[in-house]
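Topology and contacts: notes
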Amino acid sequence: MKENINNEKVTLEELELPQDLKKLSLAQCASLCKEIRNLLISTVSKTGGHLASNLGAVELTMAIHRNFNSPDDKIVWDVGHQSYTHKILTGRLDRFSTLRQEGGISGFPKPEESEHDTFISGHSSTSVSVACGIAEAMKLQGKENYAVAVIGDGAISGGMFYEAMNNCGRDRQRNLIVILNDNNMSISKSVGALSKYLTSLRNTEKYLHTKRAVERGLKNIPLVGSSVAKGIKNVKDSVKSNILEQSTMFEDMGFIYLGPVNGHSLSELEEVFHMAKSYHQPVFIHVKTVKGKGYMPAEQNPGEYHGISKFDIATANPEVAAADSYSTVFGKELVRLGDKDEKICAITAAMKYGTGLQFFHFKHPERFFDVGIAEQHAVTFAGGLASMGMIPVFAVYSSFLQRAYDQLVHDVAIGKLHVVLGVDRAGIVGEDGETHQGLLDVPMLTSIPNTVIFSPSCYSEMKMCMKKAVYDEKGLVAVRYPRGAENVDFSSFHLTTEHLFIRENNSSTLMITYGRLYNEAYNAQRALAEKGFPCDILKLTRIYPLDDDLGEEIKTYRHIVFFEEAMGEGGISEKVGDILSEMGYCGDYSRVTANGFVKQATVRSCLDKLGLTSEKMTEYILERCKDDGKA
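Okay, so let's go over this structure. (Residues numbered from 1 in each chain as written. Predicted model: local features only at pLDDT ≥ 70, side-chain atom pairs only at ≥ 80, totals over all residues. Heavy atoms only, no water.)

**Examining the sheet that holds strand S12 (residues 499-502)**
What the five strands build is an open sheet, ordered S12-S14-S13-S16-S17; its pairing is mixed. Each having just a single partner strand, S12 and strand S17 (588-594) make up the two edges of the open sheet. Ignoring strand direction, the axes of neighbouring strands in this sheet form an average angle of 20 degrees. Relative to strand S14 (residues 536-540), strand S13 (residues 509-514) runs parallel, the two sharing five bridges. Across the sheet, the residue bridging to Ile 512 is Leu 538, located in S14. (Pairing = 2+ DSSP bridges. Helix = DSSP H or I, 4+ residues; strand = E, 2+ residues; numbered from the N terminus. Axes fitted to C-alpha atoms, helices over the stretch in contact; angles between N-to-C directions.)

Okay, structure coming up:
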């Protein structure tokens with residue numbers, strides 16, 4: 001960048017980022033913020049992603065990088081889906097078009113991608129714990145840099161946030177700054193007492209303006225002696241006590257509270273950051289922003305534009321998608337069951353629309369519970385409902401269910417309480433990458449005694465499984481289903497909640513699978529038949545526990561291949577292998593599964609790399625059985 005640019009207009013491409021940001025005027029930065037918003041809208045319209053949250057955090061991110069020195073100062077983004085501007089301002093402008101694409105940059109912070117990405121994040125309420133650990137390490141290492149946690153108002157509904165705040169504020173010597181990005185709109189509208197508390201804080205903006213006016217006036221008064229300074233401090237504390245009594249919640253945890261401030265005013269943000277840095281102790285900054293700012297459709301419907309597929313910028317119309325998905329079919333079927341049974345309750349952890357529960361909320365609001373980003377509480381709350389004879393159904397993404405393992409064990413399974421889980425986004429989800437792939441729910445749930453798991457292959461089968469889970473099974477029951485729409489060839493499909501054989505004449509090879517992979521296996525079966533290799537399929541629907549007679553049914557096959565869209569360690573394919581081993585099976589048993597974290601790509605590409613598409617299944621079986629002359 002030119003050394004003397006005065007107030008000339010600059011563009012992102014002209015700058016060495018982030019270091020050149022400090023050389024710019026506020027007017028130049030404001031111009032860059034407009035450029036960034038246009039870039040966010042144009043890029044996400046092509047790649048899909050998290051739009052509204054990023055549009056709301058542009059000025060905030062700009063101000064952070066102007067007032068802190070990344071990567072020496074460590075910036076920790078909670079959840080991380082609002083870090084797009086951060087990526088643009090830290091040397092990834094030329095690669096931003098590859099956002100969420102295979103081989104491109106991640107939609108979340110990843111340290112392997114940039115030294116400016118302090119910590120990998122994709123789940124909620126973790127940033128303060130991370131930043132607290134970093135600040136403590138800096139202190140131990142004699143460093144005077146800052147650890148900055150940026151967290152949203154939805155994420156502070158998670159209990160981990162309070163555990164961290166309670167711990168971090170006890171040590172007044174940490175250079176720790178927590179920034180609350182309060183847009184009054186998390187993925188689903190923030191709920192509960194905390195939301196009401198934040199609303200009361202938002203209405204006290206006059207405090208900061210009053211404090212600033214007092215401080216500006218004091219600068220013109222010569223201070224003589226410590227008694228005057230002490231008196232002024234007492235006056236300031238008195239003003240604060242009278243105007244902003246509610247802020248003491250954060251201060252009682254040991255933090256200095258500053259705010260609320262306008263998160264779209266660079267001058268206000270810079271002033272409050274300068275003030276926060278001067279304390280050299282834990283500071284909590286309350287910043288108000290507008291989710292979706294700069295793109296009217298996103299401002300008006302921030303929930304729709306939280307995570308969105310490709311869309312047309314001019315019309316705001318999303319890429320054409322199927323009218324229904326597993327999530328919406330699940331939600332509508334739960335309404336149908338709930339219409340007939342007043343014991344059925346629906347629970348979500350701030351994902352009402354993502355899990356299809358908006359339909360139940362509309363029809364039966366008194367039996368719908370959004371507990372905020374608090375999966376642990378959701379499970380134990382469900383246990384409480386079940387203990388009183390209600391039938392709670394908790395719809396949750398597979399990767400988010402991982403947060404509640406202890407509660408599933410202690411507060412549901414041990415007590416044999418009947419709780420139903422709708423495990424959404426089970427299996428590969430695609431572009432959101434490692435933190436969101438739903439590959440661990442099967443090994444996790446099968447490790448809990450007396451748990452029943454269904455994995456339907458189509459909408460109709462899911463409805464059957466839901467009814468069976470609600471009324472025929474006891475204890476902890478999960479119905480797991482993938483992201484997106486069904487894709488099934490029904491030409492030889494028979495609905496079942498147990499297991500189904502699809503046999504070919506004189507076959508000595510068996511494919512076993514479940515869930516949406518059934519359609520891949522069926523297409524592979526037809527492709528193999530055309531090549532003169534007959535092959536049978538065993539489709540599981542209730543995938544756990546396995547039927548007692550399963551081993552006897554399959555032990556006669558010379559080759560058995562289990563294709564599983566889950567981690568191999570602890571998966572159903574491993575359990576089938578154990579059964580065959582105990583029976584002394586002497587044939588060829590193999591498994592094709594996930595065995596590591598899966599990076600971002602389209603769902604199809606991810607499945608192909610794992611060997612779980614029909615084409616890869618066909619290749620695998622032909623290679624595995626080539627010495628037989630036939631499968």
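This is not the end of the story, as more comes after the structure.
**As for helix H11 (residues 266-279)**
Taking 1.5 Å per residue as the helical rise, H11 with its 14 residues ought to reach 20 Å, and the 21 Å between its terminal C-alpha atoms agrees with that figure. Taken residue by residue, H11 has Leu 266, Glu 268, Leu 269, Glu 270, Val 272, Phe 273, Met 275 and Ala 276 as its buried positions. Where H11 ends, the next residue or the one after it, His 280, has phi of about 55 degrees, a positive value. (Expected span 1.5 Å × (residues − 1). Buried < 20%, exposed > 50% of the residue type's maximum accessible area, 1.4 Å probe, protein only.)

**Notes on the packing of helix H13 (residues 326-340) against helix H19 (residues 459-471)**
Following both chains from N to C, one finds H13 and H19 inclined at 45 degrees, their axes separated by 10 Å at the closest point. Here H13 lies oblique to H19, going by the angle between them. In this structure, H13 crosses over H19, and the sense of that crossing is right-handed. Contacts from Tyr 326, Val 329, Phe 330, Glu 333, Leu 334 and Leu 337 of H13 reach H19 at Tyr 459, Met 462, Lys 463, Met 466, Val 470 and Tyr 471. The class makeup of the residues in the contact of H13 with H19 is ten nonpolar, no polar and two charged. (Parallel < 35°, antiparallel > 145°, perpendicular 65-115°, else oblique. Left-handed = near helix turned anticlockwise from the far one by under 90°. Contact = heavy atoms within 4.5 Å. Nonpolar A, V, L, I, M, F, W, Y, C, P; charged D, E, K, R; others polar.)

**A look at the nonpolar core**
Core analysis: the biggest nonpolar cluster contains 53 residues, and Leu 51, Ile 179 and Phe 273 have the highest contact counts within it. Those residues in contact with Leu 51, other than ones at most four positions away along the chain, are Leu 40, Ile 41, Val 44, Tyr 295, Tyr 305, His 306, Ile 308 and Phe 311. Counting residues in hydrophobic clusters, the runner-up holds 51 residues, among them Val 423, Ile 453, Leu 540 and Ile 572. (Core = buried A, V, L, I, M, F, W, Y, C linked by side-chain atoms within 4.5 Å.)

**Thoughts on the sheet that holds strand S2 (residues 147-152)**
Ordered by their spatial adjacency, five strands build an open sheet running S1-S2-S3-S5-S4, and the pairing between neighbours is parallel. This sheet does not close on itself; its edge strands, each paired only once, are strand S1 (74-77) and strand S4 (256-262). Averaged over all pairs of adjacent strands, the angle between their axes in this sheet comes to 20 degrees, without regard to strand direction. Here S4 pairs with strand S5 (residues 283-288) via five bridges, running parallel. Residue pairing in the sheet places Ile 256 in a bridge with Val 283 of S5. Lying over the sheet, helix H3 (residues 58-67) contacts S1, S2, strand S3 (176-182) and S5, oriented at roughly 160 degrees with respect to S1. Sheet strands touched by H11: S3, S4 and S5. Its angle to S4, the strand with the most contacts, is close to 170 degrees.

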